Amino acid sequence: VGNVLLSGKKIVLIDFANVCVSHRYYDISRVLNSSWSQNSFHELFWKGIVGTFRLDKNQQALLQSFVVANLIERLSQRYTNPDQEKFYLQWLERIVSGI
C-alpha cells in the first residue's frame, strides 16, 4: 500500500518491481488486502480499479474471488499477534456476508 498513491482520482504506482508476478487479479487482490488498514482507502482503491480497468460485474466477481483466496492464504499463516489473524478473519467474514 505504501507504493500506491492517489493523485486526484488517479491511482499511481510508484514501485512496481513485483507487479505482474502472477495473474493481474492476484496481484491486485494482494494490494487490496493490504489496503484495509488504511481508513476507507480499500473502498476508494476498489472503485479506482473497477473504473480504471472498466471491470464489468463478472470481472468484479472474479477479482473478489481472488481477494477471498488471498485472505484465506493469509489466514493459513501463523501470526505472533492474534489481532492480525483476527483482522483478516473479520474482513473475510465481511466479504462473505456481503458487507
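Here, every reference points to the structure presented above.
Definitions and cut-offs
- Throughout, residues of each chain are indexed from 1 in the direction in which the sequence is written.
- pLDDT decides what is reported in this predicted model: residues at 70 or higher carry local features, side-chain atom pairs at 80 or more are listed and counted, and totals for whole chains, interfaces and linings draw on all residues regardless.
- Side-chain numbers come from the whole structure's heavy atoms, not from hydrogens or water.
- Comment: elements are numbered from the N terminus, with helices defined as DSSP H or I runs of at least four residues and strands as E runs of at least two.
- A helix's residues, less one, multiplied by 1.5 Å, set its expected span.
- Buried residues are those whose accessible area, probed at 1.4 Å on protein chains only, stays under 20% of the maximum for their type, while exposed residues exceed 50% and partly exposed ones sit between those limits.
- Summarising the geometry, the arc corresponds to the directions from the helix axis toward the C-beta atoms.
- Working rule for contacts: check all heavy atoms of both residues, and any pair within 4.5 Å makes them a contact.
- As used here, the term nonpolar core means buried Ala, Val, Leu, Ile, Met, Phe, Trp, Tyr and Cys residues forming a set that is joined through side-chain atoms within 4.5 Å.
- Whenever a nitrogen or oxygen atom comes within 3.5 Å of another N or O atom, the pair is scored as a polar contact, on the condition that within protein one atom can donate a hydrogen and the other can accept it, and that pairs from neighbouring residues in sequence are kept only if both atoms are in side chains.

**Q** What is the right way to read the environment of Gln84 from this model?
**A** Within the fold, Gln84 resides in helix α4 (residues 82–97). Each C-alpha atom of the pair Gln84 and Arg74 lies 9.8 Å from the other, and the pair is ten residues apart in sequence.

**Q** It is not clear to me how unusual backbone geometry should be interpreted in this structure. Could you clarify?
**A** Most peptide bonds are trans, and most residues other than glycine sit at a negative phi. In this structure, Arg54 takes a positive phi of about 50° despite not being glycine. Summarising the element assignment, Arg54 is placed in the loop between α2 (41–52) and α3 (57–75).

**Q** Before we go on, may I ask you to explain α4 in this structure?
**A** Along an α-helix, a turn takes 3.6 residues, which lines up residues three or four apart on a common side. In this model α4 runs 22 Å from its N-terminal to its C-terminal C-alpha over 16 residues, within 8% of the 22 Å that 1.5 Å per residue would give. If you check which residues of α4 are buried, you get Tyr88, Trp91, Leu92 and Ile95. Buried residues in α4, looked at end-on, bunch into an arc of 100°, giving them a common side. For α4, the exposed residues set more than 90 degrees away from the buried face come down to Pro82, Asp83 and Ser97. Packed against the buried residues of α4 are α1 (24–34) and α3.

**Q** Mind showing me how you'd approach the nonpolar core here?
**A** When a protein is soluble and globular, its nonpolar side chains tend to lie buried together. Of all hydrophobic cores here, the largest spans 19 residues; its most connected members are Leu32, Ile49, Leu63 and Leu71. Sorting the residues of this core by element identifies α1, α2, α3 and α4 as the ones contributing at least two each. Among the elements that take part in this core, α2 stands out by supplying five residues, more than any other. What Leu32 contacts, discounting residues up to four positions off in sequence, is His42, Phe45, Trp46, Ile49, Leu63 and Val67.

**Q** How should I be thinking about α2 in this particular structure?
**A** With twelve residues, α2 extends 16 Å from end C-alpha to end C-alpha; this agrees with the ideal 16 Å at 1.5 Å per step. Turning to α2, its buried residues are Phe41, His42, Phe45, Trp46, Gly48, Ile49 and Val50. A positive backbone phi angle near 50° is found at Arg54, which sits one or two residues after α2.

**Q** How do you make sense of the side chain of Asn33 when you look at a structure like this?
**A** Relative to the helices and strands, Asn33 is located in helix α1. Overall, Asn33 belongs to the buried group, its relative accessible area being 1%. A polar atom in the side chain of Asn33 sits 3.1 Å from the backbone oxygen of Val67. Of note is the side chain of Asn33, whose polar atom sits 2.7 Å from the side chain of Asn70. When neighbours within four sequence positions are excluded, Asn33 is seen to be in contact with Val67, Asn70, Leu71, Arg74 and Tyr88.

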